[in-house]
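# Summary of the model geometry
Residues per chain, in single letters:
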Amino acid sequence: DRLTVAEIGQLDLSEARLCVLSACESAMIGVELPDEVVNLPTAFAQAGAATVVGSLWAMKDEAAALVIRKFYRNLRTEGLTPAQALRQAQCWLRDSTRAEQIAELPPGRHPAEELSPGAQLFMGRSRPAQNIADWAALIVSA
């Protein structure tokens, strides 16, 4: 089922310090009312959520998982605000090598394990998420 802005408006989220919307394009502004800023983060904020994280466009699944993983780690261990934690996570993804990204993935079979040693060396040095579309989709609304 769909969750509408009207339904969110009926919620009491005054105790919620942080809402993370994991769907793609969850922070896009609707086109029905072009002179008003109406989107899911606005609705959650109006319902009382202190901070909302949403996405402006679709991200690759692995990139989104890496950013969110770093985001939560930054919140918990570094004591950063949500905006600072997200910014650091995005900068990390943008600047990290493929080897560093693979090291952050949960245990199990990694794509790099199937590559030849030469390809692993090349991939270990590459920085695959330097395009802004790969790391900048997530935003913080407070």
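Look a little higher up for the structure.
What this report covers is the structure whose coordinates are included nearby. (Residues numbered from 1 in each chain as written. Predicted model: local features only at pLDDT ≥ 70, side-chain atom pairs only at ≥ 80, totals over all residues. Heavy atoms only, no water.)

## Describing the pattern of salt bridges
A full pass over the atoms with the stated rule returns 5 salt bridges. Across the salt bridge formed by K70 and E104, the nearest N and O atoms sit 3.7 Å from each other. With a gap of 34 residues between them, K70 in helix α3 (residues 61-78) and E104 in helix α5 (residues 98-104) connect regions that are remote in the sequence. Taking relative accessible area as the criterion, K70 reaches 15% and is therefore assigned buried. For E104, a relative accessible area of 17% puts it in the buried group. Across the pair R73 and E104 runs a salt bridge, and its minimum N-O distance is 2.7 Å. With R73 in helix α3 and E104 in helix α5, the pair connects residues that are 31 residues apart, well separated along the chain. In this structure R73 comes out as partly exposed when scored by relative accessible area, which is 32%. It is possible to trace a salt-bridge network through shared partners that takes in K70, R73 and E104. (Salt bridge = Lys/Arg side-chain N within 4 Å of Asp/Glu carboxyl O. Helix = DSSP H or I, 4+ residues; strand = E, 2+ residues; numbered from the N terminus. Buried < 20%, exposed > 50% of the residue type's maximum accessible area, 1.4 Å probe, protein only.)

## A closer look at helix α4 (residues 82-95)
Taking 1.5 Å per residue, 14 residues should reach 20 Å; α4 reaches 20 Å between its end C-alpha atoms and fits that length. All of the buried residues along α4 are P82, A85, L86, A89, Q90, C91, W92 and L93. Looking at the buried side of α4, the elements it contacts are α3, α5, α7 (132-135) and β3 (138-141). (Expected span 1.5 Å × (residues − 1). Contact = heavy atoms within 4.5 Å.)

## A look at α3
Across its 18 residues, α3 extends 25 Å between first and last C-alpha, which sits within 8% of the 26 Å expected from 1.5 Å per residue. If you check which residues of α3 are buried, you get A63, L66, V67, K70, F71, N74 and L75. The arc that holds every buried residue of α3, seen down its axis, measures 165 degrees, which confines them to one face. In α3, those exposed residues whose orientation departs by more than 90 degrees from the buried face are D61, R76 and T77. Elements in contact with the buried residues of α3: β1 (19-20), β2 (52-55), α4, α5, α7 and β3. In the segment just after α3, G79 is the residue with positive phi, at about 65 degrees. (Arc of directions from axis to C-beta.)

## Thoughts on the side chain of N39
By secondary structure assignment, the location of N39 is in the loop between β1 and α2 (40-46). Taking the relative accessible area as the measure of exposure, N39 reaches 9% and is therefore buried. Reaching out from N39, the side chain makes a polar contact with the side chain of T42 at a distance of 2.6 Å. Not counting residues within four places of it along the chain, the set of residues in contact with N39 comprises V5, A27, M28 and I29. (Polar contact = N/O pair within 3.5 Å; in protein donor to acceptor, adjacent residues only side chain to side chain.)

## Topic: the nonpolar core
Within the largest apolar cluster, 19 residues are counted, with the highest numbers of intra-cluster contacts made by M59, L66, V67, F71, L86, L93 and L138. Elements represented by at least two residues in this core include exactly α3 and α4. If we ignore the near neighbours within four places in the chain, the residues touching L86 are V67, F71, L138, I139 and V140. Core analysis: the next-biggest nonpolar cluster, separate from the first, contains 9 residues, L21, A43, F44 and A49 among them. (Core = buried A, V, L, I, M, F, W, Y, C linked by side-chain atoms within 4.5 Å.)

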